[in-house]
Protein chains: 2
Amino acid sequence: MSVNRKQQIIEAATKSFSLFGYKATTIDQVAKLANVGKGTIYTFFKSKEELLDEIISSVIVEIKTAAEQVMSDDQSFFENVHRALYRILEFRKQHQLTIKLLQEVRDIGTPAVQEVMGKLDRAILAYIRDKIEKAMEKGEIRHCDAEITAFLMLKMYIALVFEWEKSHAPLSKEQIAELFELYFFKGLSK
Amino acid sequence: MSVNRKQQIIEAATKSFSLFGYKATTIDQVAKLANVGKGTIYTFFKSKEELLDEIISSVIVEIKTAAEQVMSDDQSFFENVHRALYRILEFRKQHQLTIKLLQEVRDIGTPAVQEVMGKLDRAILAYIRDKIEKAMEKGEIRHCDAEITAFLMLKMYIALVFEWEKSHAPLSKEQIAELFELYFFKGLSK
DNA sequence: AATTGACCATTTTGTTCATTTAGTCACATC
DNA sequence: GATGTGACTAAATGAACAAAATGGTCAATT
């Protein structure tokens, strides 16, 4: 029973955060949705912020799993990174929770949400960085600063997947893969 | 006399926009600073917004001039684009007006300022795009979509110059040049 | 021991109203 | 009579206050 209660609360909170955002979700609301007294929430979570934090932590795990699933050992480093990055951003683009929270950061700038989204970004960055380091060890790519490379790769993907659309027709997955290969691997020099 | 009056107004407005931002600058203030009656401002500019627009238009010219000055025919395309982009962002980073207005977009989101800053971005993009097209014609670089390439180059520079600093030690001009060359020209493949 | 909801301190929201502001225009100045 | 002006107006803003809502606690309940 008690094990389930925590899950009920997390599910209710996830639903409400996804639908209304963090700020507009009240603890009373979550308690009602979870069929739980308000006090019970505070036996599992020290604050509203910690509740959000725990939810995002499991989103991070989900995202990593999703990325792992699209990668494969018999593919090139380039193909794997492309697939992983695309999958990660696809996840962010499709899941109500991340959409809503990203929106909230843009529109209201709720500090708690800002922090937690920063954590998500850092986790993604660390994940890519790890892949880059492994590829360098194996000699699959030229030597480079893994931190900066991961940072730039993510920026480039975000630019191609999210920002390009703001002023142009969206790019297909294949186009993005081509562009990624062209700029990051082949380079523009003849 | 009349010729000077317009310049006086523009200078006063530029000073005030730089110091307090667009929203916090009143027309009365500008009139006082310019030693001019309020009505006079409206004989030269149809609205406060148009005053801002005219100021930004000349900033665009200034930026282009600044970029032209650092480029030179006996340098490679890569070196020239690097110099131009770095100079442009340096300009944005140093000039009070652009700093303040960019801040205002982030913090308040004043629509008039948002629009005018978008215009500035589009001008920069068009400028880089033109350079890329010329380089392709001359056969200095591989064929590619000039629009997307300009977009990505600018994003990459903004990421390196402004965003990297948010969580790391700033990169030197030389480091940025190296990174730019590594990713955009040579590529990571061995 | 686990759960709860009434309760409290603090924030947030809604409302009112005085002040400020962008923009106009009748008048002053040369 | 062309140019320049600041008092004026309608609309926007924000200060001040009251009312409602919210996160978190804890004594009572099961």
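In short, a report on the structure.

So, how was this worked out
- Residues numbered from 1 in each chain as written.
- Chains lettered and ligands numbered in written order.
- Predicted model: local features only at pLDDT ≥ 70, side-chain atom pairs only at ≥ 80, totals over all residues.
- Heavy atoms only, no water.
- Helix = DSSP H or I, 4+ residues; strand = E, 2+ residues; numbered from the N terminus.
- Buried < 20%, exposed > 50% of the residue type's maximum accessible area, 1.4 Å probe, protein only.
- Salt bridge = Lys/Arg side-chain N within 4 Å of Asp/Glu carboxyl O.
- Near = heavy atom within 4 Å.
- Polar contact = N/O pair within 3.5 Å; in protein donor to acceptor, adjacent residues only side chain to side chain.
- Nonpolar A, V, L, I, M, F, W, Y, C, P; charged D, E, K, R; others polar.
- Least-squares fit on C-alpha atoms with pLDDT ≥ 70 in both.
- Contact = heavy atoms within 4.5 Å.
- Buried area = accessible area lost by both parts, 1.4 Å probe.
- Phe/Tyr/Trp six-rings, centres within 6.5 Å; stacked < 30°, edge-to-face > 60°.
- Axes fitted to C-alpha atoms, helices over the stretch in contact; angles between N-to-C directions.
- Parallel < 35°, antiparallel > 145°, perpendicular 65-115°, else oblique.
- Left-handed = near helix turned anticlockwise from the far one by under 90°.

Check the secondary structure of chain A and you find nine helices and zero strands. Listing the helices and strands of chain A from first to last along the sequence gives α-α-α-α-α-α-α-α-α. Overall size of chain A, expressed as C-alpha extent along the three principal axes, is 65 × 40 × 25 Å. Out of the 190 residues belonging to chain A, those deemed buried represent 46%.

With that settled, the discussion passes to the pattern of salt bridges. A side chain with one charge may pair with a side chain of the opposite charge, provided their charged atoms come close. In this structure the tally under the stated criterion is 28 salt bridges over all chains. Residue A:Arg83 is joined to A:Glu79 by a salt bridge in which the shortest nitrogen-to-oxygen separation is 3.0 Å. Of this pair, A:Arg83 and A:Glu79 both sit in helix α5 (residues 77-94), four residues apart, roughly one helical turn. Here B:Glu68 and B:Lys131 are joined by a salt bridge, their closest N and O atoms 3.4 Å apart. Of this pair, B:Glu68 sits in helix α4 (residues 48-70) while B:Lys131 sits in helix α7 (residues 111-137), and the two are 63 residues apart along the sequence.

Near DNA strand D there are 14 residues, and of these A:Ile27, A:Lys38, A:Tyr42, A:Lys48 and B:Thr40 occur at the shortest range. A share of 63% is what sugar and phosphate atoms reach among the atoms of DNA strand D within 4 Å of the protein. A:Lys48 places a polar main-chain atom, nitrogen or oxygen, 2.8 Å from a phosphate oxygen of DNA strand D. Put simply, the parts of the chain that give the surface near DNA strand D at least two residues each are α3 (38-44) of chain A together with α3 (38-44) of chain B. When the residues that make up the surface near DNA strand D are grouped by side-chain class, the tally is three nonpolar, seven polar and four charged.

Moving on, we get to the relation of the copies chain B and chain A. With an axial shift of 0.1 Å and an RMSD of 0.1 Å, the rotation relating chain B to chain A amounts to 180°. Within this description, the copies of the chain are treated as partners about a two-fold rotation axis. A shared interface surface links the copies, since 100% of the contact residues of chain B are contact residues in chain A too.

In the region of DNA strand C, 13 residues are neighbours, and A:Gly37, A:Thr40, B:Lys38, B:Tyr42 and B:Lys48 sit closest. The sugar-phosphate backbone supplies 61% of the atoms of DNA strand C found within 4 Å of the protein. Between DNA strand C and the protein, one listed contact pairs a phosphate oxygen with a backbone N or O atom of A:Gly37 at 2.9 Å. Between a phosphate oxygen of DNA strand C and a main-chain N or O atom of B:Lys48, the distance comes to 2.8 Å. For the surface near DNA strand C, the elements supplying multiple residues, two or more each, are α3 of chain A together with α3 of chain B. Looking at the surface near DNA strand C, the element that brings in the most residues is α3(A), giving three residues. Looking at side-chain class alone, the surface near DNA strand C contains three nonpolar, six polar and four charged residues.

To continue, consider the interface of chain B and chain A. With 29 residues of chain B in contact, the opposing surface of chain A contributes 29 residues. Interface of chain B and chain A: buried area, both sides summed, is about 2900 Å²; carbon and sulfur atoms make up 67% of it. Between A:Glu163 and B:Lys155 there is a salt bridge, with its nearest N and O atoms 2.4 Å apart. Put simply, the parts of the chain that give the side of chain B that touches chain A at least two residues each are α8 (146-163) and α9 (173-186) of chain B.

With that settled, the discussion passes to the packing of aromatic side chains. Using the criterion set out here, one finds 18 aromatic pairs over all chains in the structure. Both rings, one in A:Tyr157 and one in A:Phe180, keep their centres 4.9 Å apart while their planes meet at 70°; by these two values the pair is edge-to-face. Of this pair, A:Tyr157 sits in helix α8 (residues 146-163) while A:Phe180 sits in helix α9 (residues 173-186), and the two are 23 residues apart along the sequence. Each member of the pair, A:Tyr157 together with A:Phe180, is buried. On the numbers, 5.9 Å between centres and 25° between planes, the contact of B:Phe78 with B:Phe180 is stacked. In this pair, B:Phe78 is assigned in helix α5 (residues 77-94) and B:Phe180 in helix α9, connecting sequence segments 102 residues apart. With respect to burial, B:Phe78 and B:Phe180 carry one shared label: buried. Grouped by ring-pair contacts, the aromatic residues A:Phe77, A:Phe78, A:Tyr157, A:Phe180, A:Phe184, A:Phe185 and B:Tyr183 constitute a single cluster.

Right, let's talk about the packing of α5(A) against α8(A) for a bit. All names here are of chain A. Where α5 meets α8, the closest approach of the two axes is 10 Å, and the angle between their N-to-C directions is 55°. In terms of orientation, α5 and α8 fall into the oblique class. Seen along the crossing, α5 lies across α8 with a hand that is right-handed. Together, Phe77, Val81, His82, Leu85, Tyr86, Leu89, Arg92 and Lys93 of α5 and Met153, Leu154, Tyr157, Ile158, Val161 and Phe162 of α8 make up the contact between the two elements. For the contact of α5 with α8, the residue count by class is 11 nonpolar, one polar and two charged.

Next up on the list: the side chain of A:Thr98. Residue and element names in this part refer to chain A. Positionally, Thr98 belongs in helix α6 (residues 96-107). Within the local environment of Thr98, its side chain forms a polar contact with the backbone oxygen of Arg92, the two atoms lying 3.0 Å apart. The contacts of Thr98, once residues within four sequence positions are left out, are Val59, Phe91, Arg92 and Leu120.

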